[in-house]
Structure formats: structure tokens, C-alpha cells
Amino acid sequence: MSFISYLLNGLSLGSVYAIIALGYTMVYGIAKMLNFAHGDILMVGGYAAFIALNSLGLPVPVAVLVSMVVCTLLGISIEKIAYKPLRKANSLSVLITAIGVSYLLQNLAQLIFTANPKSFTSFVGIEPIKLAGGQLTVSGETVVTIVTCVIIVVCLVTFINKTKAGQAMLAVSEDKGAATLMGVDVNGTISLTFAIGSALAAIGGILLCSAYPTLTPTTGAMPGIKAFVAAVLGGIGSIPGAFIGGIILGVLENLAKAYISSKLSDAIVFSVLIIVLLVKPTGILGKKIMEKV
């Protein structure tokens, strides 16, 4: 029963990583850049939800919507102000800018909300489920997080494959120049990608803080990095890959904490990244792209 409990908690944590990793993988797949400020957008979403629920007294669904809108606007603004001027710059310039935006958001949050941790009220009102005669208890947060992750992945895959905007994303991902010649609004498509990824970060932030009810300006830093590892593990650029990578990483981290050492769990997670890059750099579902030179 203890193993099943650890496994379910790992699935819950992995689902959060997967939701965050979807933002990484979409932005990389379409804009070919790594948005390392993504984890900090998650943090902003957590604060927006916290204020909407506790200070403004809004209902939970409205507070979630407010958080998603705030993160969506923030993601689009970051793309327009920080990343769009670097669209044709080398990857190192974009990477340094992304790290700079990340630290900017963290320090702004610290100035506005202070560094003191805030007690986050869970957004999940479902009572814990008792199984096996009460020997196994599954929290409402675990159930909602796993179900939400599956629904998001299914909706995203359907959106990408079945809608005109999704097909435009695939076209931009394949060849921006050719997509422009075919009448695709490349700038609008990239902005839409940032908007979707940032809205998902808001959901991930709310679910993370509901399960681990502490909110600080650095809340999104480590989950953001681990979600990036999950995206690389699954194959960055692949939506199903981000889901698989997140689940594997969450389960691995939780089992490592339970059976090896809580102090070594992060080291084990990052060692996975090293092993993947050495053995299969494209990840589980990633594809090797041949370039003509």
C-alpha cells in the first residue's frame, strides 16, 4: 500500500511537470527557443490565483480564470517585448534573455509580495478517497491533477491536429519562411503558442500550490527546470513526449525520495537528463532532423 501511495503521488507530481513541460515543448517546437522564464510565469499565476481567491473573494473557477488570463497576457507581453526582437538572433542571445526575464520576474515578485512564504489555500474541494478498507488514501488534489493533465493533453493534441490554428503551428514549426509564403501569420501563431503555454503554466501553478501549499517568488524555479528535463526526456517538441516525460520524472522523483534519499532525489532527476542526452539526445518520442548544408 505504501508503494501504491508513493506511485500515485508520483503520478500527481509528474502530471504537474507534464503540464508545465507542455509550455516548454510547444514554444520550442514552434519558435525554436527555450523559454526559461516559463517556470516564473507559473509563479505569477500562483500569486494571481492567491489574490483572486483570498483578497478579492472570488469563487474558485473565476480565480482560476483570472490566473489564466494574467499569465496569458504576461506570456504574450514577454514574447513581444523580449523575444520578438531576437527572432533572427543566435540561440545564445535568446537563452541569456530568457534567463534575464526569469530573474526579473522573481525579483519583481519579491518586491511586490516580499520573500515571506504565503500559505496557499487548496483550490480542490474534493474529499480524500479511501481505498482498500481505509489502508490507502488518495487526496482530491491527486485525482484532480492527474485527470486535468490527461484532459489537457488530449485537447492539445486534438487542437494541433484538427484545427486551422493548430495546422498553422505545425507549418510554422516545419518552415517559417514557407509558412509565410502560404499566408500563415507567423507572428500571430507564435504569440498564440506563448498564450497557450502561459495559460497552462497558470493551471500547473495552481495545481502545484494546491498539493504543496506554500507560495514564494521562487516557487516556479525548480519545477520549471524539472519540467524542462521532462520535456527533453520525452522529446522536446512532442506533446505526447512531454506528457510521458513528466509522468516518468514525477514517479522517479517520488520513489527516489521514498526508497533512496530525499536529499538525492533532485540529483537523480538531473542525472536522468545527462543519461538521456548521452544515450538518446532526441528523447523518447523526439525525431532526429536531418539538415542539408
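Before reading on, note that the structure itself is shown above.
The model shown is predicted, which means the values in this text are computed figures rather than measured ones. (Residues numbered from 1 in each chain as written. Predicted model: local features only at pLDDT ≥ 70, side-chain atom pairs only at ≥ 80, totals over all residues. Heavy atoms only, no water.)

Caption draft 1: Structural context of the overall build of the protein chain. Counting its secondary structure elements, the protein chain contains eleven helices and four strands. Its C-alpha radius of gyration of 19 Å places the protein chain within 12% of the 19 Å reference for a compact globule of 293 residues. Along the three orthogonal principal directions, the C-alpha set of the protein chain runs to about 60 × 45 × 35 Å. Looking at the protein chain as a whole, 46% of its 293 residues are labelled buried. Charged side chains of the protein chain number 17 positive and 10 negative; the gap between the two group centres comes to 4 Å. (Helix = DSSP H or I, 4+ residues; strand = E, 2+ residues; numbered from the N terminus. Rg over C-alpha atoms; globule rule 2.2 N^0.38 Å. Buried < 20%, exposed > 50% of the residue type's maximum accessible area, 1.4 Å probe, protein only. Lys, Arg positive; Asp, Glu negative; His and termini not counted. Charge placed at Lys NZ, Arg CZ, Asp CG, Glu CD.)

Caption draft 2: Looking closely at a nonpolar patch on the surface. Together, Met1, Phe3, Ile4, Tyr6, Tyr259, Ile260 and Leu264 make up an exposed nonpolar region whose accessible area comes to about 690 Å². Residue contributions to the nonpolar patch peak at three residues, all from helix α1 (residues 2–31). (Patch = residues over 30% accessible without salt bridge, like charges linked within 9 Å, V, L, I, M, F, W, Y side chains within 5 Å. Areas by Shrake-Rupley, 256 points an atom, 1.4 Å probe, with all protein chains shown as cover. Salt bridge = Lys/Arg side-chain N within 4 Å of Asp/Glu carboxyl O.)

Caption draft 3: Expanded view of the packing of helix α5 (residues 140–162) against helix α8 (residues 186–211). Following both chains from N to C, one finds α5 and α8 inclined at 170 degrees, their axes separated by 10 Å at the closest point. With respect to their mutual orientation, α5 and α8 come out roughly antiparallel. The residues of α8 that touch α5, namely those facing Glu141, Val144, Thr145, Thr148, Ile152, Leu156 and Phe159, are Leu192, Ile196, Leu200, Ile203, Leu207, Ser210 and Ala211. The residue inventory of the contact of α5 with α8, partitioned by class, reads ten nonpolar, three polar and one charged. (Axes fitted to C-alpha atoms, helices over the stretch in contact; angles between N-to-C directions. Parallel < 35°, antiparallel > 145°, perpendicular 65-115°, else oblique. Contact = heavy atoms within 4.5 Å. Nonpolar A, V, L, I, M, F, W, Y, C, P; charged D, E, K, R; others polar.)

Caption draft 4: Examining unusual backbone geometry more closely. Positive phi, normally seen in glycine, also occurs at threonine 114, with a value near 65 degrees. Looking at the secondary structure, you find threonine 114 in the loop between α4 (91–113) and β1 (118–119).

Caption draft 5: Examining helix α2 (residues 38–55) more closely. Taking 1.5 Å per residue, 18 residues should reach 26 Å; α2 reaches 25 Å between its end C-alpha atoms and fits that length. Counting buried residues in α2 gives 15 out of 18 residues, a clear majority hidden from the surface. (Expected span 1.5 Å × (residues − 1).)

Caption draft 6: Quick peek at the packing of aromatic side chains. Taken as a whole and judged by the stated rule, the model has eight aromatic pairs. Centroid distance tyrosine 6 to tyrosine 259: 5.6 Å. Interplanar angle 90 degrees. Geometry classified as edge-to-face. Highlighted residues: tyrosine 6 in helix α1 and tyrosine 259 in helix α10 (residues 239–259), separated in sequence by 253 residues. The partly exposed category is assigned to tyrosine 6, whose relative accessible area is 31%. Between tyrosine 47 and phenylalanine 113, the ring centres sit 4.0 Å apart and the planes meet at 5 degrees, which makes this aromatic pair stacked. Of this pair, tyrosine 47 sits in helix α2 while phenylalanine 113 sits in helix α4, and the two are 66 residues apart along the sequence. The class for tyrosine 47 is buried, based on a relative accessible area of 1%. The partly exposed category is assigned to phenylalanine 113, whose relative accessible area is 21%. (Phe/Tyr/Trp six-rings, centres within 6.5 Å; stacked < 30°, edge-to-face > 60°.)

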